[in-house]
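A look at the structure
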Amino acid sequence: MANVAPGSSVKSVDRLFEIIRILDELNGARVTEVATRLDMPKSTVHDHLSTMYQHEYVVKEGNEYYLSLQFLRLGEHARWRKEAYRLTYEKVSRLAERTGERAQFIIEEHGKGVYIHRETGEYGVKTNSDIGERVPLHATAAGKAILSALPVPYMEALLAELELERFTEYTVTDVDELRAELQIAREQNYVFNEEEYTKGLTAVGVPVLEQSGAVLGAISLSGPTYRMQGEWFTDEVPSMLLGTVNELELDITFS
């Protein structure tokens, strides 16, 4: 989970990734559109796209280029690269089925939370958070759970890098306030998110540890604020998540 210190970048590679980002954002584009968006010469964009086409990382339909399913193959490889990631799938699905709400497993990568699994129960709220979507650590239950379980020096290094962006009126943007909340979370092993990222959505998160004690990620359960209230929210849901994570960590240890 450790971040690698940034070094010097290769300009041509930077351009390539910018082109990939634009093709993703626009869901396909012509050479002229990409060149205009990135303020690049059309010849440069064309050369990059031609190279990507030769390596089958884009497809061409008429005059428009689209990302190819090579990215799906790579994404699935990244998603399943740890056996422990696979073991979380059943736990997340069972939580969603048992509660009727939305359950998810998130890891930390480059200072952001990344969705690895997500299941929506019968009454769960569907949001625009897709697998692979990146979310802020400081404003989500799973993200704060991950932060709380990290070694303090690494947590402090992350906090120094994070931009504590405000998403709702309830988002914690003061680093000292966040530290205090993470300390409580470290002591009780779970953390709440009360409309801090999405208005009307509340969640509970619990960190998941590998056999070595390193943080694998976190499981969280989220639902509409009007349902996530009282003892169900403050006692039953945390207890359920703690039990699920205990089972998962045993599975990880003996798999």
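Computed from a predicted model, the values in this text were never measured in an experiment. (Residues numbered from 1 in each chain as written. Predicted model: local features only at pLDDT ≥ 70, side-chain atom pairs only at ≥ 80, totals over all residues. Heavy atoms only, no water.)

**A closer look at the sheet that holds strand β5 (residues 134-135)**
- Judged by pairing direction, the sheet is antiparallel, and its six strands sit side by side in the order β5-β4-β3-β8-β7-β6 without closing on themselves. Edge positions in the sheet fall to β5 and β6 (191-194), since each has one partner strand and no second.
- The pairing of β6 with strand β7 (residues 201-209) spans four bridges and is antiparallel. Residue pairing across strands places asparagine 193 opposite alanine 203, the latter belonging to β7.
- On the sheet, helix α9 (residues 230-254) packs against β6, β7 and β8 (215-224) and is oriented at approximately 30 degrees with respect to β7. (Pairing = 2+ DSSP bridges. Helix = DSSP H or I, 4+ residues; strand = E, 2+ residues; numbered from the N terminus. Contact = heavy atoms within 4.5 Å. Axes fitted to C-alpha atoms, helices over the stretch in contact; angles between N-to-C directions.)

**Some details on the UniProt feature "domain: HTH iclR-type" (unreviewed entry) in the protein chain**
- The sites that carry the UniProt feature "domain: HTH iclR-type" (unreviewed entry) are, in the present numbering, residues 10-69.
- Span residues 10-69 is 62% helix and 13% strand, its end C-alpha atoms 25 Å apart. (UniProt positions renumbered as here; feature names shortened; annotations may be inferred.)

**Topic: the environment of tyrosine 65**
- Summarising the element assignment, tyrosine 65 is placed in strand β2 (residues 64-67).
- Judged by its relative accessible area of 5%, tyrosine 65 falls in the buried class.
- Taking the C-alpha atoms as reference points, tyrosine 65 and arginine 186, 121 residues apart in sequence, are found 48 Å from one another.
- Excluding residues within four positions of it along the chain, tyrosine 65 makes contact with Leu23, Gly28, Ala29, Val31, His46, Leu49, Val58, Val59 and Lys60. (Buried < 20%, exposed > 50% of the residue type's maximum accessible area, 1.4 Å probe, protein only.)

**As for the pattern of salt bridges**
- Enumeration according to the criterion identifies 14 salt bridges in this entry.
- Measuring nitrogen to oxygen at the nearest pair gives 3.2 Å for the salt bridge that ties glutamate 247 to arginine 94. Here glutamate 247, found in helix α9, pairs with arginine 94, found in helix α5 (residues 83-99); they are 153 residues apart in sequence, far enough to count as distant.
- By relative accessible area, which is 36% here, glutamate 247 ends up partly exposed.
- With a shortest N-O distance of 2.9 Å, arginine 179 and glutamate 156 are connected by a salt bridge. Here the residue arginine 179 occupies a position in helix α8 (residues 175-188), and glutamate 156 occupies one in helix α7 (residues 152-161), the gap between them amounting to 23 residues.
- Arginine 179 sits in the partly exposed class, given a relative accessible area of 31%.
- On the basis of relative accessible area, glutamate 156 is assigned to the partly exposed category, the value being 26%.
- Connected via shared salt-bridge partners are Glu90, Lys91, Arg94, Glu247 and Asp251. (Salt bridge = Lys/Arg side-chain N within 4 Å of Asp/Glu carboxyl O.)

**Here we look at the pairing of β7**
- The element β7 is largely enclosed, with a buried count of eight among its nine residues.
- Between the antiparallel neighbours β6 and β7 lie six residues, among them glutamate 195 with a positive phi of about 60 degrees.
- One ladder, built from nine bridges, connects β7 with β8; its direction is antiparallel. Each residue of the ladder has a partner; that of valine 206, found in β8, is isoleucine 219.
- Hairpin connection between β7 and β8: a loop of five residues separates the two successive antiparallel strands, and glycine 213 in this loop has a positive phi of roughly 95 degrees.

**Describing the packing of aromatic side chains**
- Using the criterion set out here, one finds five aromatic pairs in the structure.
- Residues tyrosine 85 and phenylalanine 105 carry aromatic rings whose centres are separated by 6.1 Å and whose planes lie at 55 degrees to one another, so their mutual orientation is tilted. You can see tyrosine 85 sitting in helix α5 and its partner phenylalanine 105 sitting in strand β3 (residues 102-109), a full 20 residues away along the chain.
- Consider the rings of phenylalanine 167 and tyrosine 197, whose centres lie 4.9 Å apart with planes at 75 degrees: the pair is edge-to-face. Of this pair, phenylalanine 167 sits in the loop between α7 and α8 while tyrosine 197 is found in the loop between β6 and β7, placing the two residues 30 residues apart along the sequence.
- An aromatic cluster is defined as three or more aromatic residues linked by ring pairs; in this entry it consists of Tyr190, Phe192 and Phe233. (Phe/Tyr/Trp six-rings, centres within 6.5 Å; stacked < 30°, edge-to-face > 60°.)

**What to know about the nonpolar core**
- Judged by nonpolar contacts, the single largest core of 26 residues is most densely connected at Phe105, Val204, Val208, Leu216, Ile219 and Leu241.
- Of all the elements in the fold, those that place two or more residues in this core are α5, β3, β4 (112-120), β7, β8 and α9.
- Not counting chain neighbours up to four residues away, the residues in contact with leucine 241 comprise Leu95, Val204, Gly205, Val206, Ile219, Ser220 and Leu221.
- Formed by 22 residues, the second largest nonpolar core is a distinct cluster that contains Ala142, Tyr154, Leu158 and Val191. (Core = buried A, V, L, I, M, F, W, Y, C linked by side-chain atoms within 4.5 Å.)

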